[in-house]
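Examination of the molecular architecture
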Amino acid sequence: MTASMELHGVAKRYKEVAAVRDVSLAVRKGEILGILGPSGAGKSTLLRIVGLLEPPDSGTVKLDDRAVDARSVEAPMLRRKMGIVLQKPVVLNRSVRNNLAYALRIRGWDEASIYMRVDEELKRLGLGDRSNKNARVLSGGEMQRLCFARSTIHDPDVLLLDEFAANLDPANVSLLEQMIRQFASRGSSKSIVLVTHNLFQAKRMCDRVALMWDGEIIEIAAKHKFFEDPGDERTAAFVRGELVY
Amino acid sequence: MVGTTGLDLIEVTLLSLYVSGMATILGSAIGIPLGALIGLKEFGGKGAVKTVTYTLYGFPPVLSGLFVYYLFSRAGPFGSLGVLFTPTAMIIAETFLVIPLVTGITITSVVEVDKNIKDTVRAMGASSRQSTLTIMREAWVGLVMACMIGFGRVIAEVGAAYLVGGNIDGKTKVLTTAIMLETRMGHFEWAMALGAVLLFVALAVFFFLRLLQEKELL
């Protein structure tokens, strides 16, 4: 499998805190890569670097073998090719329909195509009857599903998910996981990075899993190896559910 | 100058609304984009610019009037335009009073938009202009409030209106300057009646805008 995104020696500090230290990582095409780790390990910062929302202090981010910079003028264009779902469901203060349409308008789609694509997505989401309601009246689970749909409506090749299920009930988690699997099955070029602290979710969803601890990736391996035969003591302890903080 | 009569009450009220409304529109047209720019862009001296903006909330109306008077007086740089003692001069003087208020409230409103919304919009690949417009839309309630507060300031303002308008009967006399004139002439009943009209007009405008806001039409 070829890599769609690569990080080489990436580091990021926030004042005195080293959030990410010398991380090198390749996200392969066609895989779901899980990034596990305790709170404060630097997972979200790493995802923000991958999503070109934060520039690293040092190191290189490569997209399709080309070095890219989150501060460059081309960064917004590159972000348009990705989809990002954040931990907290964030909807804009407009209708459900217009939340979806916004994601396409930003990307320069014409109105007729937006209308058709949004209608399709609303049917798939089961929110067609509430398409003209303000998105802020939706439940937490519906909002997160809407956010997911808004992040994938343009069929991106790279999807980044930051603790998307952190505040959801099991039924909604299951629905969203199903949506992620459907997205992954759309083609072999799709790469998904799933940041989570939930071992079981990583086990259910991912092809490879990395453990991040104190800003570093201490182990990255195929799911089976990661859970059954970890190479690092800390991974083994984390997988056993022991305190490794 | 003569006292206000019932006959010209409507004219005075309409002129008050016209002058205050235009000043609010012009001040908002400048203040909202300026506030969004200051609130959302990072630049050197941003803190100082914000401090100056907030300090100008207390800008004395009479100084605004004095400044505009100087600009449009015969000896001033724009004296030849013949704007002094016209509603245009009053609108200009009052626009200066609206700008800092609307700018400052806009800064606060856009800064207070949830950081997650800003992140989400950026993550979708919005350009700087698209981001700014989206955040302004998210801050819409605050921006409408800024315009309302701006209007509230100028509809009740007397110093600048008197100085550059001159309180000329049938031409530049507005409710506040008429109240002042009637009081000086000892016509307290008329002054009180005009005060009641001023209060009613201000409240009616605020009530109407608030109603639109509640119906999500604004």
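So, here is what we can say about the structure in this document. Treat the numbers as computed from the prediction; the structure is a model and nothing was measured.

1. Some thoughts on the overall build of chain A
Helix and strand counts for chain A stand at nine helices and ten strands. By the compact-globule yardstick of 18 Å for 245 residues, chain A fits well, its C-alpha radius of gyration being 18 Å. Over its C-alpha atoms, taken along the principal directions, chain A stretches across nearly 55 × 40 × 35 Å. The buried share of chain A, taken over its 245 residues, is 56%. For chain A, the share of sequence-separated contacts (at least 6 apart) that also reach a separation of at least 24 residues comes to 68%. Carbon together with sulfur atoms contributes 50% to the accessible area of chain A, which is approximately 10,900 Å² in total. Separation of charge centres in chain A, based on 37 positive and 32 negative side chains, amounts to 5 Å.

2. Regarding the packing of helix 4 (residues 87-111) of chain B against helix 7 (residues 140-155) of chain B
Residues and elements named next belong to chain B. Orientation of helix 4 relative to helix 7, taken along the N-to-C sense of each, is 155°, at an axis distance of 9 Å. With respect to their mutual orientation, helix 4 and helix 7 come out roughly antiparallel. The handedness of the crossing between helix 4 and helix 7 comes out as right-handed. Judged by residue contacts, E94, L97, V98, L101, V102, I105, T106 and S109 of helix 4 engage G142, L143, A146, I149, G150, R153 and V154 from helix 7. Here the residues of the contact of helix 4 with helix 7 sort into nine nonpolar, four polar and two charged.

3. Let's talk about the nonpolar core
All names here are of chain A. With 67 residues, the main nonpolar core has L36, F148 and L161 as its most contacted residues. Sorting elements by how many residues they give to this core places helix 3 (residues 96-106) first, with seven residues. If we ignore the near neighbours within four places in the chain, the residues touching L161 are L47, V85, F148, I180, I192, V193, L194 and V195. Counting 31 residues, the second-largest nonpolar core is a separate cluster that includes V23, L46, L63 and M212.

4. Describing the pattern of salt bridges
For the structure shown, the criterion picks out 30 salt bridges over all chains. Between A:D157 and A:K190 there is a salt bridge, and its shortest N-O distance comes to 3.5 Å. Separated by 33 residues along the polypeptide, A:D157 in the loop between helix 5 (140-152) and strand 7 (158-162) and A:K190 in the loop between helix 6 (170-184) and strand 8 (191-195) bring together distant segments of the chain. Overall, the relative accessible area of 5% leaves A:K190 in the buried class. Here the salt bridges do not stand alone but share partners, grouping A:K12, A:R48, A:E54, A:D57, B:K115 and B:D119 into one network.

5. Some words on the interface of chain B and chain A
Contacts between chain B and chain A engage 17 residues on the former and 21 residues on the latter. Taken together, the links from chain B to chain A amount to three salt bridges. Notably, a salt bridge pairs B:D119 with A:R48, separated by 2.6 Å at the nearest N-O pair. Among the elements of the structure, helix 5 (115-123) and helix 6 (128-138) of chain B are those that each provide at least two residues to the side of chain B that touches chain A. A total of eight residues in the side of chain B that touches chain A trace back to one element, the largest contributor, which is helix 5 of chain B. Residue composition of the side of chain B that touches chain A, grouped by class: five nonpolar, six polar and six charged.

6. Re helix 6 of chain A
Residues and elements named next belong to chain A. With 15 residues, helix 6 extends 21 Å from end C-alpha to end C-alpha; this agrees with the ideal 21 Å at 1.5 Å per step. Residues of helix 6 that are buried: N172, V173, L176, E177, M179, I180 and F183. The buried residues of helix 6 occupy an angular sector of 155° when the element is viewed end-on, so they sit on one face. Exposed positions of helix 6 whose direction lies more than 90 degrees from the buried face are P170 and A171. At its buried positions, helix 6 is contacted by strand 3 (32-36), helix 4 (111-125), helix 5, strand 7, strand 8 and helix 7 (199-205).

7. Observations regarding the packing of aromatic side chains
Inspection of every chain in the model, using the stated rule, returns five aromatic pairs over all chains. Ring centres of A:F226 and A:F227 lie 5.2 Å apart, and the angle between their planes is 75°; on these two criteria the pair is classed as edge-to-face. Residue A:F227 is classed as buried on the basis of its relative accessible area of 9%. Seen in terms of ring centroids, B:F67 and B:F96 are 5.7 Å apart; in terms of plane orientation they differ by 70°. Their pairing is edge-to-face. Taken together, the positions of B:F67 in helix 3 (residues 61-72) and B:F96 in helix 4 put the pair 29 residues apart, joining distant regions of the chain.

Quick notes on the rules
- Residues numbered from 1 in each chain as written.
- Chains lettered and ligands numbered in written order.
- Predicted model: local features only at pLDDT ≥ 70, side-chain atom pairs only at ≥ 80, totals over all residues.
- Heavy atoms only, no water.
- Helix = DSSP H or I, 4+ residues; strand = E, 2+ residues; numbered from the N terminus.
- Rg over C-alpha atoms; globule rule 2.2 N^0.38 Å.
- Buried < 20%, exposed > 50% of the residue type's maximum accessible area, 1.4 Å probe, protein only.
- Contact = heavy atoms within 4.5 Å.
- Areas by Shrake-Rupley, 256 points an atom, 1.4 Å probe, with all protein chains shown as cover.
- Lys, Arg positive; Asp, Glu negative; His and termini not counted.
- Charge placed at Lys NZ, Arg CZ, Asp CG, Glu CD.
- Axes fitted to C-alpha atoms, helices over the stretch in contact; angles between N-to-C directions.
- Parallel < 35°, antiparallel > 145°, perpendicular 65-115°, else oblique.
- Left-handed = near helix turned anticlockwise from the far one by under 90°.
- Nonpolar A, V, L, I, M, F, W, Y, C, P; charged D, E, K, R; others polar.
- Core = buried A, V, L, I, M, F, W, Y, C linked by side-chain atoms within 4.5 Å.
- Salt bridge = Lys/Arg side-chain N within 4 Å of Asp/Glu carboxyl O.
- Expected span 1.5 Å × (residues − 1).
- Arc of directions from axis to C-beta.
- Phe/Tyr/Trp six-rings, centres within 6.5 Å; stacked < 30°, edge-to-face > 60°.

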